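Each chain, letter by letter, is given below.
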Amino acid sequence: MGSTSEIAQYDALIVGAGFGGYSMLPSCMKEGQARVESGESAKSDEDQGRPQTDRGHRFWNQYPGARVDSDAPVYQLFDRELWEDFTFSERFPSWQELQRYFAHVEKKWDLRKDIEYCKNVESADWDSARCRWLITCSDGTETECKWLILYIPNIKGSSEFQGELYHTAHWPHYDVSLKNKRIAVIGTGASGIQVIQEAGKHSKRLTVYQRTPNLCLPMVQRKLDPVEEQKKKETGVYAEAFKKCESTAGGVTYERTDKNTFDDTPEEREKFYQSLVKDGGLQFWVAGYKDMMTDQKANDAAYDFWRRMVLKRINNPAKGELLAPEVPPHPYGAKRPSLEQNYFEVMNQDNVDIIDVNRFPIEEINATGLKTAAGQVDVDIIIFATGFDALTGGLMDIQIRGTDGRTLMQHWADGVKTSIGIAVPKFPNMFYLFGPQAPSTFSNGPSCIQSQARWLAKLVEKLETDKIKSFEATEASADEWLEMVRDEWDATLFSKGKISLPALLSSIHVLTACTAGGRARIFQERKSNP
Ligand code: NAP
């Protein structure tokens, strides 16, 4: 450990650049100086020389077809200063456009000087005597801070395969040609759906290894007309949309109806379901009947509609049964449905095969391809779209040691315990955004993150004003929160979705950098924030 005088000193260190880091940083930095310590190891040779703006948000999630599934304009920071002169060109923006957006945010808020990319935070140790965190990065540099704010999901993946192997959450930064290749995609989550649609356009043969069918919904992507969007900004439509996002359960502009499913006649129901899918997006899941996620029969009715809609697009009955089985794989919506553009048409193609890994588990990935009981499939490219431990992985990968010297991983070995999904007992002055036991995954990211960031900024400002050096969540508050979350969970059909309670409450982003807070007047709220 270096002497304190050699160690960079900050009031706050934010690990993870993206909506979380960008939301918190201005509050931390109102009048202070800042610099950024980097996070995820973005240091491979191919990355050298890339523009710095490429290194932050969605650094790794650059697989073909990657895009968000929140309707424009709500997938952005709600600050007028930012949105008045940046307009997304598509209803569901691509990763390329998100990078342009974050470059805009950095420029507009002059954040670049406060962000240091490409550093890998290895450990964080709490010094009780001085009430400071000591942060060590993999390049040996050390930083001290009073407040530690984390926003860092995780990615993993490996194989002995001798062809080309990629993970959607760790996509390389060179052009990967899918043209005329034999491709295997493992996983049919949001990333899987998006990459399959792209691979389907180009590949010679595509084999999809599916564990759970994705009960995905039509995206109905469209270009946004800049003139029309400008008019919406001037007439208050944007401001109204952002305000609405603050009050709905999903942080979006729509919410469930007041009606139960069987209040309507079958004809009315059919019409209502049609209206929910007609314009695309997640409305069918988020804005349907109010009992859809609490009543199995209501949920069955929704699934039946969804299945009939999908089967019309698949002319191979065997594929139809795999993609939209007669018996639902789980209650509709218990797993987050993805948005698709031509997914079912791609799966319908003659050069596309689906292997059900429940029936035919992958036995091995060998030099030439993948082996299951259904046979060997030789491929040129394997794409893992198997996700990542978005919930706790990033947090637990860092050796964060609390007041008792035990790491976060040790604390959570028997289950995640948090206070209001933002703080952890025994880890004073440490907070995380968009992480476990908060609405994270099932909400529009920017809505959830900005609301947490604002709350956190106020909290820390108060602690600073009251000259409180250390602040820690109590065990009782964490017990109470866990009980409340469990009660809510058990009262819904989400518990039947074959996902764990923590997974439901996980974050969805892969980010690659970390940000450091400033020294002066930290955590002041921006006056311009709505
Ligand atoms: P994901 O949602 O976790 O999906 C992983 C997929 O891989 C699932 O289909 C899973 O099947 C399958 N899988 C995992 N292990 C497997 C195995 N051993 N064998 C076969 N299949 C396996 O991961 P993701 O698609 O990368 O998404 C990660 C997060 O990012 C999610 O929260 C997602 O919503 C978010 N995301 C969002 C967007 C967007 O448009 N907003 C785009 C991409 C990602 P099971 O379902 O059976 O577990």
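Because the structure is predicted, anything quoted here is derived from the model rather than measured. (Residues numbered from 1 in each chain as written. Predicted model: local features only at pLDDT ≥ 70, side-chain atom pairs only at ≥ 80, totals over all residues. Heavy atoms only, no water.)

(A) Region of the structure containing the packing of aromatic side chains. Taken as a whole and judged by the stated rule, the model has 26 aromatic pairs. Relative to W171, the ring of Y166 has its centre 5.0 Å away and its plane inclined at 35 degrees; by these criteria the two rings are tilted. This pair shows no difference in class: Y166 is buried, exactly as W171 is. Among the aromatic side chains, those forming a connected cluster through ring pairs are F272, Y273, F284, Y289, Y303, F305, W306, Y332, Y343 and F344. (Phe/Tyr/Trp six-rings, centres within 6.5 Å; stacked < 30°, edge-to-face > 60°. Buried < 20%, exposed > 50% of the residue type's maximum accessible area, 1.4 Å probe, protein only.)

(B) Spatial organisation of the pattern of salt bridges. Counting across every chain of the model gives 32 salt bridges. Linking R454 and E246 is a salt bridge whose minimum nitrogen-to-oxygen distance equals 2.8 Å. You can see R454 sitting in helix α14 (residues 445–465) and its partner E246 sitting in the loop between α6 (237–245) and α7 (266–278), a full 208 residues away along the chain. For E246, a relative accessible area of 36% corresponds to the partly exposed category. Connected via shared salt-bridge partners are D71, R91, R222 and D279. (Salt bridge = Lys/Arg side-chain N within 4 Å of Asp/Glu carboxyl O. Helix = DSSP H or I, 4+ residues; strand = E, 2+ residues; numbered from the N terminus.)

(C) Just the sheet that holds strand β6 (residues 164–167), in detail. The strand order across the open sheet formed by five strands is β6-β15-β7-β8-β11, and the pairing between neighbours is parallel. The sheet is open, and its two borders are formed by β6 and β11 (352–356), each paired with just one other strand. In this sheet, neighbouring strand axes are inclined to one another by 15 degrees on average, regardless of whether the strands run parallel or antiparallel. Examined bridge by bridge, strand β7 (residues 182–186) and strand β8 (residues 205–210) share five bridges and lie parallel to one another. Paired with I183 across the strands is L206, a residue of β8. Taken strand by strand, helix α4 (residues 190–202) contacts β7, β8 and β15 (381–384), and its axis lies near 160 degrees from that of β8. (Pairing = 2+ DSSP bridges. Axes fitted to C-alpha atoms, helices over the stretch in contact; angles between N-to-C directions. Contact = heavy atoms within 4.5 Å.)

(D) Spatial organisation of the site of the ligand. The environment of the ligand is made up of 21 residues, and the closest members are R67, S191, R211, T212 and K335. In this structure, A190 approaches the ligand through a main-chain N or O atom, which is 3.0 Å from an oxygen atom. R211 has a polar side-chain atom sitting 2.8 Å from an oxygen atom of the ligand. Counted by class, the shell around the ligand contains eight nonpolar, eight polar and five charged residues. (Near = heavy atom within 4 Å. Polar contact = N/O pair within 3.5 Å; in protein donor to acceptor, adjacent residues only side chain to side chain. Nonpolar A, V, L, I, M, F, W, Y, C, P; charged D, E, K, R; others polar.)

(E) Expanded view of the packing of α7 against helix α9 (residues 296–311). Two elements in contact, α7 and α9, have axes whose closest approach is 11 Å; the angle formed by their N-to-C orientations is 60 degrees. The two elements α7 and α9 cross, and the hand of that crossing is right-handed. For the pair α7 and α9, contact is made by E270, Y273, Q274 and V277 and by A298, A301, A302, F305, R308 and M309, respectively. (Left-handed = near helix turned anticlockwise from the far one by under 90°.)

(F) Region of interest: the sheet that holds strand β13 (residues 369–372). The strand order β12-β13-β14 describes an open sheet built from three strands, whose pairing is antiparallel. Unpaired on one side and paired on the other, β12 (364–365) and β14 (375–378) mark the two borders of the sheet. By the bridge criterion, four bridges tie β13 to β14 in an arrangement that is antiparallel. The partner of K371 across the bridge, within β14, is Q376.

(G) View of a negative patch on the surface. On the surface, a cluster of negative charge is made up of E480, E483, D487, E488 and D490. Within the secondary structure, D490 sits in helix α15 (residues 475–490). Assessed through its relative accessible area of 53%, D490 is described here as exposed. (Patch = residues over 30% accessible without salt bridge, like charges linked within 9 Å, V, L, I, M, F, W, Y side chains within 5 Å. Areas by Shrake-Rupley, 256 points an atom, 1.4 Å probe, with all protein chains shown as cover. Lys, Arg positive; Asp, Glu negative; His and termini not counted. Charge placed at Lys NZ, Arg CZ, Asp CG, Glu CD.)

(H) Broad picture of the environment of H104. Mapping H104 onto the fold places it in helix α3 (residues 95–108). Placed 22 residues apart in sequence, H104 and L82 show a C-alpha to C-alpha distance of 7.9 Å. Not counting the four nearest positions on each side in its chain, H104 is found in contact with L82, D85 and F86.

(I) Looking closely at the side chain of T207. Here T207 shows up in strand β8. Overall, T207 belongs to the buried group, its relative accessible area being 2%.

(J) Expanded view of the layout of surface pockets. Computed from the structure, the second largest pocket encloses a volume of approximately 1200 Å³. As for the second largest pocket, its lining consists of 44 residues, and the residues nearest its centre are A249, G250, P439, F442 and S443. Contributions of two or more residues to the lining of the second largest pocket are made by α8 (283–286), α14, α15 and α16 (501–504). Taken together, the residues of the lining of the second largest pocket sort by class into 23 nonpolar, 14 polar and seven charged. For the lining of the second largest pocket, the domains that each give at least three residues are domain 1 (12–56 + 115–154 + 390–523) and domain 2 (164–384). (1 Å grid on protein atoms, 1.4 Å probe; cavity = no way out; pocket = protein on both sides within 12 Å on 5 of 7 lines; lining within 4 Å. Points joined across faces, edges and corners; volume = space filled by probe spheres on them. Domains from an automatic or database assignment.)

(K) Here's a closer look at α4. Taken together, the buried positions of α4 are S191, G192, I193, Q194, V195, I196, Q197, A199 and G200. Where the residues of α4 are buried, they touch β7, β8, β10 (339–340), α11 (343–348) and β15.

(L) Local environment of α9. Look at α9: 22 Å from first C-alpha to last across 16 residues, which is about the 22 Å you get at 1.5 Å a residue. All of the buried residues along α9 are A298, N299, A301, A302, Y303, F305, W306, R307, M309 and V310. Structurally, α9 contributes buried residues whose contacts are with β9 (217–218), α7, α8, α10 (317–323) and α11. Between a side-chain oxygen at the N-terminus of α9 and the backbone nitrogen of K297 the separation is 2.8 Å; the capping residue is D295. (Expected span 1.5 Å × (residues − 1).)

(M) Structural view of the nonpolar core. Among the nonpolar cores identified, the biggest contains 60 residues, and L206, L217, F284, W306 and Y332 are the most heavily contacted of them. Among the elements that line this core, the one with the most residues is α9, at seven residues. When residues of this core are sorted by domain, at least three fall in each of domain 1 (12–56 + 115–154 + 390–523) and domain 2 (164–384). What F284 contacts, discounting residues up to four positions off in sequence, is L217, Y273, L276, V277, M292, A302, F305, W306 and Y332. Counting residues in each nonpolar core, the second largest holds 38 residues, with A12, L25, A423 and F431 among its members. (Core = buried A, V, L, I, M, F, W, Y, C linked by side-chain atoms within 4.5 Å.)

(N) Here's a closer look at unusual backbone geometry. The linkage connecting A72 with the following residue, P73, adopts the cis geometry, with an omega of 5 degrees. With respect to the secondary-structure elements, P73 resides in the loop between α1 (19–29) and α2 (80–83). You will see that V220, though not glycine, has its phi angle at about 55 degrees, which is positive. Examined against the element boundaries, V220 turns out to sit in the loop between β9 and α5 (226–234). Classification of V220 by relative accessible area gives partly exposed; the value is 34%. Of note in this structure, I420 is not a glycine but carries a positive phi near 45 degrees. Among the structural elements, I420 can be located in the loop between α13 (408–411) and β17 (430–432). Residue class for I420 comes out partly exposed when judged on its relative accessible area of 35%.

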